[in-house]
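Observations on the three-dimensional arrangement
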Amino acid sequence: MKQQQRNSISAGRRHTVGIRSDGTATAVGDNKYGQCDVNDWHNIVAVTAGNVHMATNTGSSHTVGLQSDGTVTAVGWNDNGQCDVNGWHDVVAVAAGWRYTIGLQSDGTLVTVGRNNEGQCNVNDWQDIKAIAAGDWHTIGLKSDGTVTATGNNRYRQCGVSGWRDVVAVAAGYLHTIGLESDGTVTAAGDNKLGQCQVSNWQDVIAIAAGSKHTIGVKLDGTVVAPGWNEYGQCNVTDWSDIVAIAAGCSHTIGLRSDGTVVAAGDNEYGQCNVSNWNGISLFNTR
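Keep in mind it's a predicted model, so treat the numbers as computed, not measured.

Criteria and thresholds
- Residues numbered from 1 in each chain as written.
- Predicted model: local features only at pLDDT ≥ 70, side-chain atom pairs only at ≥ 80, totals over all residues.
- Heavy atoms only, no water.
- Helix = DSSP H or I, 4+ residues; strand = E, 2+ residues; numbered from the N terminus.
- Contact = heavy atoms within 4.5 Å.
- Areas by Shrake-Rupley, 256 points an atom, 1.4 Å probe, with all protein chains shown as cover.
- Lys, Arg positive; Asp, Glu negative; His and termini not counted.
- Charge placed at Lys NZ, Arg CZ, Asp CG, Glu CD.
- Salt bridge = Lys/Arg side-chain N within 4 Å of Asp/Glu carboxyl O.
- Buried < 20%, exposed > 50% of the residue type's maximum accessible area, 1.4 Å probe, protein only.
- Pairing = 2+ DSSP bridges.
- Axes fitted to C-alpha atoms, helices over the stretch in contact; angles between N-to-C directions.
- Core = buried A, V, L, I, M, F, W, Y, C linked by side-chain atoms within 4.5 Å.
- Disulfide = S-S within 2.5 Å.
- Polar contact = N/O pair within 3.5 Å; in protein donor to acceptor, adjacent residues only side chain to side chain.
- Phe/Tyr/Trp six-rings, centres within 6.5 Å; stacked < 30°, edge-to-face > 60°.
- Lys NZ or Arg CZ within 6 Å of the ring centre and 35° of its normal.

The next point concerns the overall build of the chain. Within the chain one finds zero helices and 21 strands. Counting only C-alpha atoms, the chain reaches 45 × 40 × 40 Å along its principal axes. Within the chain, residue pairs in contact and separated by at least 24 positions form 45% of the contacts whose partners lie at least 6 positions apart. Carbon and sulfur atoms make up 37% of the accessible area of the chain, which amounts to about 11,200 Å² in all. Here the chain holds 18 positive side-chain charges and 26 negative ones, and the gap between their average locations is 5 Å.

Here it is in structure tokens:
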């Protein structure tokens, strides 16, 4: 398989995690379940933070790190076994949803642990996958031919991606799915009550991310666009510049600049946006 796109920043429900250029990790925000206990991680090449929509019974999260040898480590909430990844190997990408974790192996197949009430872990027959995304309750796989497959909760047709073509990246939110096409345009499926799927006019996009109910796109010129839910200011990114990578949590947004520094917008109740002192964040996932 070709070199994987790997996330050096990720945003969860109430926390944010990043990889430094030396392969160590840093995290800020809610640490009730130890999801920010990553200071002893080394040789990390990708991170993902379990996300979940905002509700009275949600908030617990976990963090997953991919190591350079293809093994995986995880910390945080583990009530459904979503952190039981110690036996994984030959993994090239990771994604984390609510109470579950997915790993893409070098042969294009997937491994999963955690909650499967909605069928989000029913991926045993998937093959030829080159990228993955995890929403709250649904899973997206990008195949090497640019088509897309999905499983899990489909209440709002967020899994209605079978007709997508020429896709180069995917992202999944609470009830919506985003695909970046090879020509820099973007397609979307699923819940659009707050305008999170209003991306049909986007052009020159190089990276995408999906929060619970908002969507983020990085353009070729380093600026950022964001439609959808903005109650906490998570879409207030129009003044950002020189951005090379992004991450979207439930109600906050993180941007990585080309100099390795990080900016944030949105909900900061748990300090998840306190990233202004971060520097030296890895740029291996950038243009």
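Next, the rest of the story.
Right, let's get into the pattern of salt bridges. One pass over the full model with this rule turns up one salt bridge. Here Arg14 ties to Asp30 by a salt bridge, and the two come within 3.7 Å at their closest N and O atoms. Remark: Asp30 occurs in the loop between strand E3 (25–29) and strand E4 (44–49) and Arg14 occurs in the loop between strand E1 (9–11) and strand E2 (15–19); sequence separation between them is 16 residues. Note on Asp30: relative accessible area 12%, which makes it buried.

Pairing is antiparallel in the open sheet, where three strands are placed in the order E19-E20-E21. Only two strands of the sheet have a single partner each, and these edge strands are strand E19 (243–248) and strand E21 (262–266). Across the sheet, the axes of successive neighbouring strands diverge by a mean angle of 20 degrees, strand direction being ignored. Pairing of E19 with strand E20 (residues 252–257), which is carried by five bridges, proceeds in the antiparallel orientation. Its bridge partner lying in E20, Ala245 is registered against Leu256.

Turning our attention to unusual backbone geometry. Notably, Arg157 is not glycine yet its phi reads approximately 65 degrees, a positive angle. With respect to the element layout, Arg157 can be found in the loop between strand E12 (148–152) and strand E13 (167–172). Relative accessible area serves as the criterion here: at 52%, Arg157 is assigned to the exposed category. Its identity as a non-glycine residue notwithstanding, Asp166 has a phi of 55 degrees, on the positive side.

With that out of the way, let us pick up the nonpolar core. Ranked by internal contacts, the top residues of the largest apolar core, which has 14 residues, are Val64, Leu66, Val72, Val85, Trp88, Val91 and Val94. Of all the elements, strand E7 (residues 91–96) adds the most residues to this core, at three residues. Apart from the residues within four sequence positions on either side, Val85 is in contact with Val72, Thr73, Ala74, Thr101 and Val113. With 13 residues, the next largest nonpolar core counts Ala95, Ile102, Cys121 and Ala134 among its residues.

Our next topic: the sheet that holds strand E18 (residues 224–225). Strand order in the open sheet formed by three strands is E16-E17-E18, and the pairing between neighbours is antiparallel. Single-partner strands in this sheet number two, and they are strand E16 (205–210) and E18. When E16 meets strand E17 (residues 215–219), the two strands line up antiparallel, connected through five bridges. Note that in E17 the partner of Ile208 across the bridge is Gly217.

What follows concerns the state of the cysteines. Counted by the stated rule, this structure contains zero disulfides. Cys83 forms no disulfide, and the closest cysteine sulfur to it belongs to Cys36, at a distance of 13 Å. Residue class for Cys83 comes out buried when judged on its relative accessible area of 9%. Of the cysteine sulfurs around Cys273, a residue in no disulfide, the closest is that of Cys250, at 12 Å.

Attention now goes to the side chain of Thr101. In this fold, Thr101 is placed in strand E8 (residues 100–105). From its side chain, Thr101 meets the backbone oxygen of Gln82 in a polar contact 2.7 Å long. Excluding residues within four positions of it along the chain, Thr101 makes contact with His62, Val64, Gln82, Val85, Trp88, Ala95, Ala96, Val111, Thr112 and Val113.

Turning to the packing of aromatic side chains, a few remarks are in order. Summed over all chains, the structure comprises four aromatic pairs. Between Trp98 and Trp137 the ring centres are 6.5 Å apart and the planes differ by 55 degrees, which places this aromatic pair in the tilted class. Within this pair, whereas Trp98 is found in the loop between E7 and E8, its partner Trp137 is found in the loop between strand E10 (129–134) and strand E11 (138–143), the two being separated by 39 residues in sequence. Neither residue differs from the other here; Trp98 and Trp137 are each classed as buried. Between Trp229 and Tyr232, the ring centres sit 5.7 Å apart and the planes meet at 85 degrees, which makes this aromatic pair edge-to-face. On the accessibility criterion, Trp229 (12% relative accessible area) is buried. Over the ring of Trp98 we find Arg99, and its NZ or CZ is 4.4 Å from the ring centre. Lys213 extends its terminal NZ or CZ atom over the ring of Trp229, reaching a point 5.6 Å from the ring centre.

Such coordinate-based values are descriptive only and should not be taken to indicate function.
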